[in-house]
Amino acid sequence: MTEINIKEAIPDKNSFFNVKRFKIGNLNQDFLIKTMDIPNTSKKLWQSNQGMKENRLIFEKTKTIKSFEDLKGLLNESNDKKINNFFDKKTWLNHSFTLFHATLKFNPYNHVKKLSEIEGFWHYYYTFSKDALLIPNIVKDKTPYEEDKPQKKEEIVSFSEYMRFVDELYQLFQQMNNKPIFVPISLKFSITEIKQLIEHYLSKEYFYYWIDFESRPADPSNSAIYAKIRQINILLRNSKQFDKCVMFVTNLRREIISNIKDENSPASDILGTLCGANIIGVNRDPAKYFPEMRDKPIKAIQHKARLFDPESYYYKMLKNNNPNKAVNITENSTRVGNEFDKQKEAFLEDLNIQTYLKKKEMINQYNNGKILKSIQLKEEVNKKLF
């Protein structure tokens, strides 16, 4: 495995925000930590987008694989074009930093005894994720829907199988690998299981992590989710291996709450750094995002085309919003990425991110300003961590 050379790690003593300086792949040290969504961009778009340089950008493809049959079908496929389409291969990205990762909605061990039995798929997976490897996440359970009414949850993978899957695949990739390997963290497990998972990863010296938000928002004022985020970050900082760790979060819901009738929606993706992340991935909204808007497609399109406002941290419906999905997503990724740069600059100036965040309207207004209160580390936690 290729190690990521972290030259400097600067944590915020009042939150889990941190700045880490490192080089990865062909990126320069000041790369944009917000990734670009491969299916929703193009060569023309990123070249024309504020003069972005290729060696500053990470291009990301996230894929949900719904069944083992989809995976098996790929192993029997001989048509190169269909294989490339499965991984959303773009020839114009051949010299760019790209990564592919998957979320599985099935348990592989229901179909094979060992992952090496489907080794061909992992060779594809390794090849198409060119510059870093993210071991797939497995959805813990699924909730069947019938006429939009949730039914009883059905477990897909147990906690022990999840850890077995990660370890087995890590060893397989390590044998063929010259790329950094990121291991998954599912927020669907209990906080006790997440603690065991992180402790297991640290004991194995797995130092690169990716959190799959599975279309949920990065909202520090959401107690249930953020308690797990706190648990992860405290374990990492207490481990004395914090300076070696890199955190990547992805598949975040774009907005915390999205109401088609409101002009402004509070942004979720911009809060990724408050979860301790060093790289923030693409947005993925829930599949059933506008069930009540079937009769109002124009309004729904305008709603989806909101633009991120870095001054307020709201997504806003403006007169010049572009309804073209690819244009809108690329523009928002750039806006959010540039704001992450400003967060970093402001933090390095006085080593306190909260002073900067207090200037943002949404931070003060949403949920009665509980975001800043939620990320605050108590004095006794500070003493323990530092």
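Reading guide: rules and limits
Sequence positions are assigned chain by chain, starting from 1 and proceeding in written order. This being a predicted model, a pLDDT of at least 70 is required before a residue's local features are given, and a value of 80 or more before pairs of side-chain atoms are given or counted; all residues contribute to the totals for chains, interfaces and linings. Computation of side-chain values covers all heavy atoms of the structure but excludes hydrogens and water. The angle between two axes is taken between their N-to-C directions and runs from 0 to 180 degrees, where each axis is a line fitted to C-alpha atoms and a helix contributes only its stretch in contact. For the purposes of this entry, the term helix denotes a DSSP run of H or I that reaches at least four residues, the term strand denotes a run of E that reaches at least two, and both are numbered from the N terminus. In these notes the angle categories are as follows: under 35 degrees is roughly parallel, over 145 is roughly antiparallel, 65 to 115 is roughly perpendicular, and the rest is oblique. Two helices crossing with the near one rotated counterclockwise from the far one by less than a right angle form a left-handed crossing, whereas a clockwise rotation gives a right-handed crossing. Residues count as neighbours in contact if any of their non-hydrogen atoms are within 4.5 Å of one another. All residues other than Ala, Val, Leu, Ile, Met, Phe, Trp, Tyr, Cys, Pro, Asp, Glu, Lys and Arg, Gly among them, are scored as polar; the first ten of these are nonpolar and the last four charged. A pair of strands counts as paired when DSSP detects no fewer than two bridges linking them. Three labels apply to residues, based on accessible area from a 1.4 Å probe with only protein chains included: buried if under 20% of the type maximum, exposed if over 50%, partly exposed otherwise in between. As used in this structure description, the phrase polar contact means that two N or O atoms lie within 3.5 Å; if the pair is within protein, one of them must be able to donate a hydrogen and the other to accept it, and residues adjacent in sequence are counted only when both atoms belong to side chains. We define the nonpolar core as a collection of buried residues of types Ala, Val, Leu, Ile, Met, Phe, Trp, Tyr and Cys that are connected through side-chain atoms lying within 4.5 Å of one another.

S.K.: For this particular structure, what's the right way to read the packing of helix H5 (residues 159-176) against helix H6 (residues 191-203)?
M.R.: Between two packed helices, the angle of one axis relative to the other and the distance separating the axes together describe the packing. Relative orientation of the contacting elements H5 and H6 amounts to 25 degrees, with a least axis distance of 11 Å. Taken together, H5 and H6 sit at an angle that is classed as roughly parallel. The chirality of how H5 crosses H6 is right-handed. Residues Phe159, Tyr162, Met163, Val166 and Asp167 of H5 lie in contact with H6, whose contacting residues are Glu193, Gln196, Leu197, His200 and Tyr201. By residue class, the composition of the contact of H5 with H6 is six nonpolar, two polar and two charged.

S.K.: Is there a simple way to explain the sheet that holds strand E14 (residues 246-252) in this structure?
M.R.: By way of backbone hydrogen bonds, the strands of a sheet pair with one another, either parallel or antiparallel. The strand order across the open sheet built from five strands is E6-E12-E13-E14-E16, with neighbouring strands paired in parallel fashion. Two strands lie at the open edges of the sheet, namely strand E6 (133-134) and strand E16 (279-280), each paired on one side alone. The sheet contact formed by strand E13 (residues 208-216) and E14 spans six bridges and is parallel. In the sheet register, Tyr208 faces E14, and the bridge partner there is Val246.

S.K.: Whenever I open this one, the environment of Lys90 confuses me. Can you help?
M.R.: Considering the arrangement of structural elements, one finds Lys90 in the loop between helix H3 (80-86) and strand E5 (97-104). Owing to a relative accessible area of 27%, Lys90 belongs among the partly exposed residues under this scheme. Through-space distance from the C-alpha of Lys90 to that of Pro39 is 9.2 Å; in sequence the pair is 51 residues apart. Side-chain polar atoms of Lys90 contact the side chain of Asp88, separated by 3.2 Å.

S.K.: Just checking my understanding: could you explain the nonpolar core for this structure?
M.R.: A general trend in soluble globular proteins is that nonpolar side chains are found buried together. Formed by 109 residues in total, the largest nonpolar core has its most connected members in Trp122, Phe165, Phe173, Tyr201, Tyr209 and Phe213. No other element matches the nine residues that H5 contributes to this core. Once residues lying within four places of it in the same chain are set aside, the contact partners of Phe165 are Leu104, Pro108, Tyr109, Leu115, Trp122, Ile135, Pro136 and Ile138. Counting residues in each nonpolar core, the second largest holds seven residues, with Ile38, Trp46, Phe59 and Leu93 among its members.

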